[in-house]
Structure formats: C-alpha cells, structure tokens
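# Structural overview
What follows is the residue order along each chain.
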Amino acid sequence: MKANVVRADTLFEEFRTLLHWQWLAGQEAGERCFEDDAVRAARSSADLVGHLNYIHPYRAQIIGEREVAYLLRGSAQDCKRRLARIVTLEPPVLILADAQEAPDEMLEMCERAQIPLFATPESAAFVIDVLRAYLSKHFAERTSLHGVFMDILGMGVLITGESGLGKSELGLELITRGNGLVADDVVDLARINQSTIEGRCPDLLQNLLEVRGIGLLDIRAIFGENAVRRRMRLRLIVHLVRKETLERDYERLPGEPLSQDVLGVPIRKVVVEVVAGRNIAVLVEAAVRNTILQLRGIDTYQEFVNRHRDLMASGREPG
C-alpha cells in the first residue's frame, strides 16, 4: 500500500468521534482513496473536499440539506440521472451531512458502485472545515532542513549557519531566557497552505538538544513542559556566519529585505555575524522584535531612507 494516501476506512476511523458519523453503504470499498493525480493537481485542500459539484471529480463530495433537495427535485428519472452523474465523478467518499436521511436511491447507487457513504448529524460547513484541515496537513509538500527551530517571543525561528558556530549552544541560551525548543539538528517542514510553512521535530529527536562537550540534553526534563513546543509556523530564518563570510557575501545594510525560499514560500531572513564577545542570543531576540515590527508595518530601515531623502531635499547639513 502507498504511504501517502488517505483511505476511506482511515478517514472514517479518524473522525468517528468528532463527526459522530455512520457508514451507511459501500462498506466493501474501504480501500478507496484520493487519486494521486488529483492530489498533485490540487492547489489547496479546497480542491479535495467540498459541497457536491459536478465539475470537480476525484474529491470527497459533501451532500447537505440543499444538495439532497436538489437530488430529489423533479421526476424519478431526474433523480436517477443526477445520482448517476455522481458515480462518474469517482469520489473517494460521499458524506451525507446536516442530519439528512439517505434516499433509498442513493444507498442503492453507493452499494452498486462501491462508493463509501458516511452520514453525520454535523453541518456540511463544519465537515468541510474539518476535512480540509486534515487533508491539507496530510498531503502538504514536505522537506527537512538542518538547524535549530525555536519559538522565540512567540515567533517560529529557524537558526541555521555554518558548522561549528554554536547553533545548539545558542538554542540552549535562548531556552534559559524563556524561549521554547521545537527541534534541534533536523526540522521537518510542511507547507500547509499557499503561504504557511509549519515545522516540527522528528519523533526520534523529540525534546532533545545536542550540545558539544555535554551530549544530549532532554530539554523537557531539565527545564519543564513550557520549554518545548510541538510545532510552530516558520516566520523567520536567522543565519549565523563568520566575519569573512559576511564581508564576502552580504551587504552591511541590504537595500531589500533578505528572504529564503522554503517549499515555494519566501521566508524572511536575517544574517548575524558570530565573533567572540558578541551576545548572539540578545541579537537574535532583537532581530525577532524587529521582524515583529516589520509585520506590523513599521520598517526602521525605510524610515531612515525617507529621513535621508528629506534631508537631502531640504539642502540642510546632517546634524
């Protein structure tokens, strides 16, 4: 069986308690799943689940009160034709919502075509929201990056950099300052929607931080529950470099904000020079605070440029 699939029986068991649903027909087709081509073509989870729609094949079709009324409107021939069109959509599952009773014709059609039919008392809108969130995470594009991923002042920050610059030691100092660890060494990242990257720790490394000379530290056991996080959204990358690298590859005051592409999403990036005597933890927290200001529309660098331009236009001497 393919690993990255969602079968009808898996979906049913996953939400049996939350959606209080019953499996009414097509019980022999529990292996039905979302088609690979449909998953690859989907721009978002909205393409994988939605209200009954005849122009969207291969997705979970949600049939609420209005859809049932439409299917049963008109003559018996009209009803039969509309149900037959559902079969051509090849849905992995049909879900009857809004506490609707399943028409006999629908039950017969699902048994004949071996399409799983679930029924839930929950609203169609709620079912769609729940399944879209689940499918979005399950089918998200994924990658792994090397670094220390942390919650710093409420923001997901990935600390990367050249080997031997003390990324884990920096992470440890930030933890002692009240910040939280998500992952050390390897971070699993997934794009859960068009503009959001979520990072989490691989199960093998959960709660662990490796510090050279000390070894593995269980951060949760040492610092408590509040020192670790299960997941965070990636908002900033802090890249540590040596002095020679900074002078060779980066401008001191870049004209445009730096960013790094992660799974097709541009993530803000700052570069911090590591030299003896610098308090890197303070600099990283300052970079995070500055990023928070930028997200609120306050750009200190642009304000400086505007001041400089106004001063030049006025003809006055600086100071």
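Each chain has its residues counted from 1, following the order in which its sequence is written. Reporting of local features is limited, given that this is a predicted model, to residues whose pLDDT is at least 70; pairs of side-chain atoms are given and counted only at 80 or more, and all residues count toward the totals for whole chains, interfaces and linings. For side-chain calculations, the full set of non-hydrogen atoms in the structure is used, while hydrogens and water are omitted.

Let us now look at helix α4 (residues 65–72). Side chains that are three or four residues apart share a direction in an α-helix, a result of its 3.6 residues per turn. Exposure is judged per residue with a 1.4 Å probe applied to protein chains only, and the accessible area is read against the type maximum: over 50% gives exposed, under 20% gives buried, and values in between give partly exposed. Put simply, DSSP marks the helices as runs of H or I at least four residues long and the strands as runs of E at least two long, and each gets a number from the N terminus on. When α4 is considered as a whole, its buried residues turn out to be Glu67, Val68 and Leu71. Buried residues in α4, looked at end-on, bunch into an arc of 100 degrees, giving them a common side. Opposite the buried face of α4, at more than 90 degrees from it, the exposed residues are Glu65 and Arg66. Contact criterion: two residues are considered in contact whenever any of their non-hydrogen atoms come within 4.5 Å of each other. In the core, the buried residues of α4 are packed alongside β2 (49–51), β3 (60–63), α5 (76–88), β4 (94–96) and α6 (104–113). This arc is built from the directions going out from the helix axis to the C-beta atoms.

The next point concerns helix α7 (residues 124–138). Between its first and last C-alpha atoms α7 spans 21 Å; for 15 residues at 1.5 Å apiece the expected length is 21 Å, and the two agree. Within α7, the full set of buried residues consists of Ala124, Val127, Ile128, Val130, Leu131, Tyr134, Leu135 and Ser136. Where the residues of α7 are buried, they touch α1 (8–14), α2 (16–19), β2, β3, β4 and β8 (180–193). One less than the number of residues in a helix, times 1.5 Å, gives the span that helix is expected to have.

This next bit is on the packing of aromatic side chains. Each Phe, Tyr or Trp ring, with Trp reduced to its six-membered ring, pairs with another whose centre is within 6.5 Å; inter-plane angles below 30 degrees give stacked pairs, above 60 give edge-to-face pairs, and intermediate values give tilted ones. Taken as a whole and assessed by the stated rule, the structure comprises eight aromatic pairs. Their ring planes at 85 degrees and their centres at 5.1 Å tell us that Phe15 and Tyr134 sit as a pair that is edge-to-face. Here Phe15, found in the loop between α1 and α2, pairs with Tyr134, found in helix α7; they are 119 residues apart in sequence, far enough to count as distant. Here the aromatic cluster, defined as three or more aromatic residues joined through ring pairs, consists of Phe12, Trp21, Trp23 and Phe118. The residue whose ring lies beneath Arg82 is Tyr70, and the NZ or CZ to ring-centre distance is 4.5 Å. Definition used: whenever NZ (Lys) or CZ (Arg) falls within 6 Å of the ring centre and also within 35 degrees of the ring normal, the charge is taken to sit over that ring.

Time to look at the sheet that holds β2. Two strands form a pair only when DSSP identifies at least two bridges running between them. What the five strands build is an open sheet, ordered β1-β5-β4-β3-β2; its pairing is mixed. Strands at the two margins of the open sheet, each flanked by one partner only, are β1 (22–25) and β2. Each neighbouring strand pair of the sheet contributes to a mean axis angle of 30 degrees, computed without reference to strand direction. Pairing of β2 with β3 involves three bridges; the strand directions are parallel. Axes here refer to lines fitted to C-alpha atoms; in helices the fit is confined to the stretch in contact. Angles between the N-to-C directions go from 0 to 180 degrees.

This part is about the pattern of salt bridges. For side chains of opposite charge, pairing can occur when their charged atoms come near one another. Throughout this description, the term salt bridge denotes a Lys or Arg side-chain nitrogen within 4 Å of a carboxyl oxygen of Asp or Glu. For the coordinates displayed, the defined rule picks out eleven salt bridges. Arg7 is paired through a salt bridge with Asp9; the nearest N and O atoms lie 2.6 Å apart. Owing to a relative accessible area of 23%, Arg7 belongs among the partly exposed residues under this scheme. The closest approach of N and O atoms between Arg200 and Glu198, which form a salt bridge, is 4.0 Å. Using a relative accessible area of 32% as the deciding quantity, one classes Arg200 as partly exposed. Sharing partners across several salt bridges, the network here consists of Lys137, Glu198, Arg200 and Arg231.

One can find Ser168 in helix α8 (residues 167–176). Once residues within four sequence positions are removed from consideration, Ser168 is found in contact with Val148, Asp184, Leu209 and Glu210.

Any two cysteine sulfur atoms lying within 2.5 Å of each other are counted as a disulfide. A full pass over the atoms with the stated rule returns zero disulfides. No disulfide involves Cys110; its sulfur sits 12 Å from the nearest other cysteine sulfur, which is in Cys79. Among the residues examined, Cys110 registers a relative accessible area of 0% and is labelled buried.

Relative to the helices and strands, Arg220 resides in helix α9 (residues 219–223). Expressed as a C-alpha distance, the spacing of Arg220 and Leu208, which sit twelve residues apart in the sequence, is 8.1 Å. If near-sequence neighbours (up to four positions away) are discounted, Arg220 is found in contact with Asn207, Glu225 and Val228. Polar contacts, as counted here, are pairs of nitrogen or oxygen atoms within 3.5 Å of one another; within protein the pair requires one atom able to donate a hydrogen and one able to accept it, and residues that are adjacent in sequence qualify only if both atoms are side-chain atoms. In this structure the side chain of Arg220 is engaged in a polar contact, spanning 2.8 Å, whose partner is the side chain of Glu225.

A separate point is the nonpolar core. If you look at the biggest cluster of nonpolar residues, it comprises 27 residues, and the most contacted ones within it are Val157, Ile159, Leu170, Leu174, Ile219 and Leu240. Secondary structure elements with two or more residues in this core: β6 (141–152), β7 (155–161), α8, β10 (208–211), β12 (231–241) and α11 (280–295). Those residues in contact with Leu170 that sit more than four places away from it in its chain are Ile159, Leu240, Ile280, Ala281 and Val284. As used here, the term nonpolar core means buried Ala, Val, Leu, Ile, Met, Phe, Trp, Tyr and Cys residues forming a set that is joined through side-chain atoms within 4.5 Å. Counting residues in hydrophobic clusters, the runner-up holds 25 residues, among them Phe12, Phe15, Val93 and Ala124.

Attention now moves to unusual backbone geometry. Positive phi, normally seen in glycine, also occurs at Ala99, with a value near 55 degrees. Unlike most non-glycine residues, Asp185 shows phi in positive territory, near 80 degrees. Residue position: Asp185 is located in strand β8. Classification of Asp185 as partly exposed rests on a relative accessible area of 33%.

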